[in-house]
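Analysis of the macromolecular model
Take a look at the letters that make up each chain.
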Amino acid sequence: QQQVKQSPQSLIVQKGGIPIINCAYENTAFDYFPWYQQFPGKGPALLIAIRPDVSEKKEGRFTISFNKSAKQFSLHIMDSQPGDSATYFCAASTGETSGSRLTFGEGTQLTVNP
Amino acid sequence: DTGVSQDPRHKITKRGQNVTFRCDPISEHNRLYWYRQTLGQGPEFLTYFQNEAQLEKSRLLSDRFSAERPKGSFSTLEIQRTEQGDSAMYLCASSSQRYIVNTGELFFGEGSRLTVL
């Protein structure tokens, strides 16, 4: 069964802290792992993504760590800011074989206090 | 604004009524997706189109749900005989082969929120 499990459900950090959100998947056919950010009243927007041929990808303050053998990946936000307060979703897909249909995790509501 | 546009943004209806949502994708995108998102959950895939062809439907899409993309541009999602369990945010996303190959990115609209009383 295609599932992506995400934790924690919610997370509160102080400004400058490094929140870490974790995801685990079951389907070894997944070959694309994006993170989406969603603000209240808005649709999800792509934040950063990784493919399984690398173990880490960094874009600005956001880093994905990927562990293929453990079937886990995580999002780290360096020097977090109040503007990062949002809901974060990990996702996975099997790429073109599924028309790039995404399977999402349950989401993590992040609050960054000033 | 040249993003994905959805209409209406909010719909309140009584149980048993039919509702229709419209999605206008980014103009050059040939792929269009519908997702459903309930409170506190991640989006769940419903169906997707490549041009006018509906290529996949989720088992979540009961026979009361129908989606069309008649000319390969805008799409409609109709729910017949609505039930309280249909209350959710219905999200539309679009993409193109270029984005799928390079970044895998889907571009989401702001959603249509359905409340069934």
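Located above this text is the structure these notes cover.
Residues numbered from 1 in each chain as written. Chains lettered and ligands numbered in written order. Predicted model: local features only at pLDDT ≥ 70, side-chain atom pairs only at ≥ 80, totals over all residues. Heavy atoms only, no water.

What to know about the overall build of chain A
- Counting secondary structure elements, chain A contains zero helices and eleven strands.
- Tracing chain A from N to C terminus, the helices and strands come up as β-β-β-β-β-β-β-β-β-β-β.
- Against the compact-globule benchmark of 13 Å for 114 residues, chain A has a radius of gyration of 14 Å, which places it among compact chains.
- Summarising its shape, the C-alpha atoms of chain A cover approximately 45 × 30 × 20 Å along the three principal directions.
- For chain A, contacts bridging at least 24 residues in sequence account for 54% of all contacts bridging at least 6.
- Computed over 10 positive and 9 negative side-chain charges, the separation of the two mean positions in chain A equals 2 Å. (Helix = DSSP H or I, 4+ residues; strand = E, 2+ residues; numbered from the N terminus. Rg over C-alpha atoms; globule rule 2.2 N^0.38 Å. Contact = heavy atoms within 4.5 Å. Lys, Arg positive; Asp, Glu negative; His and termini not counted. Charge placed at Lys NZ, Arg CZ, Asp CG, Glu CD.)

Observations concerning the side chain of S58(B)
Residue and element names in this part refer to chain B.
- Relative to the helices and strands, S58 is located in the loop between β6 (53-57) and β7 (65-68).
- Only 3.4 Å separates the side chain of S58 from the backbone oxygen of F45, close enough to count as a polar contact.
- A polar contact of 2.9 Å, which involves the side chain of S58, links it to the backbone nitrogen of L60.
- When residues no more than four places from it in sequence are discounted, the contact partners of S58 are F45 and L46. (Polar contact = N/O pair within 3.5 Å; in protein donor to acceptor, adjacent residues only side chain to side chain.)

Some points on the nonpolar core
- Ranked by internal contacts, the top residues of the largest apolar core, which has 24 residues, are F33(A), W35(A), F73(A), L75(A) and Y88(A).
- In terms of residue count, strand β9 (residues 86-92) of chain A provides more of this core than any other element does, four residues in total.
- Ranked by size, the runner-up nonpolar core spans 19 residues in total, among them V4(B), F21(B), L32(B) and L77(B). (Core = buried A, V, L, I, M, F, W, Y, C linked by side-chain atoms within 4.5 Å. Buried < 20%, exposed > 50% of the residue type's maximum accessible area, 1.4 Å probe, protein only.)

Some details on the environment of R15(B)
Residues and elements named next belong to chain B.
- With respect to the helices and strands, the residue R15 is situated in the loop between β2 (10-13) and β3 (19-24).
- Its relative accessible area of 60% is what places R15 among the exposed residues.
- In this view, R15 contacts T82, E83, V116 and L117; residues no more than four positions away in its chain are not counted.

A word on the layout of surface pockets
- Reported here for the second largest pocket is a volume of approximately 480 Å³.
- Lining the second largest pocket we find 23 residues, and of these Q38(A), T87(A), Q37(B), L39(B) and G40(B) sit closest to its centre.
- Those elements giving two or more residues to the lining of the second largest pocket turn out to be β9 and β11 (108-113) of chain A.
- The class makeup of the residues in the lining of the second largest pocket is seven nonpolar, 13 polar and three charged. (1 Å grid on protein atoms, 1.4 Å probe; cavity = no way out; pocket = protein on both sides within 12 Å on 5 of 7 lines; lining within 4 Å. Points joined across faces, edges and corners; volume = space filled by probe spheres on them. Nonpolar A, V, L, I, M, F, W, Y, C, P; charged D, E, K, R; others polar.)

Some details on unusual backbone geometry
- The peptide bond linking S7(A) to P8(A) adopts the cis configuration, its omega dihedral lying at -5°.
- Mapped onto the secondary structure, P8(A) falls in the loop between β1 (4-7) and β2 (10-14).
- Residue D7(B) is joined to P8(B) through a cis peptide bond whose omega torsion reads -10°.
- Along the chain, P8(B) turns up in the loop between β1 (5-7) and β2.
- The residue K71(A) is not glycine, and still its phi comes out positive at about 55°.
- You can see K71(A) is positioned in the loop between β7 (62-67) and β8 (72-77).
- In this structure, R81(B) takes a positive phi of about 50° despite not being glycine.
- Within the element layout of this structure, R81(B) appears in the loop between β8 (75-79) and β9 (88-95).
- Its relative accessible area of 45% is what places R81(B) among the partly exposed residues.

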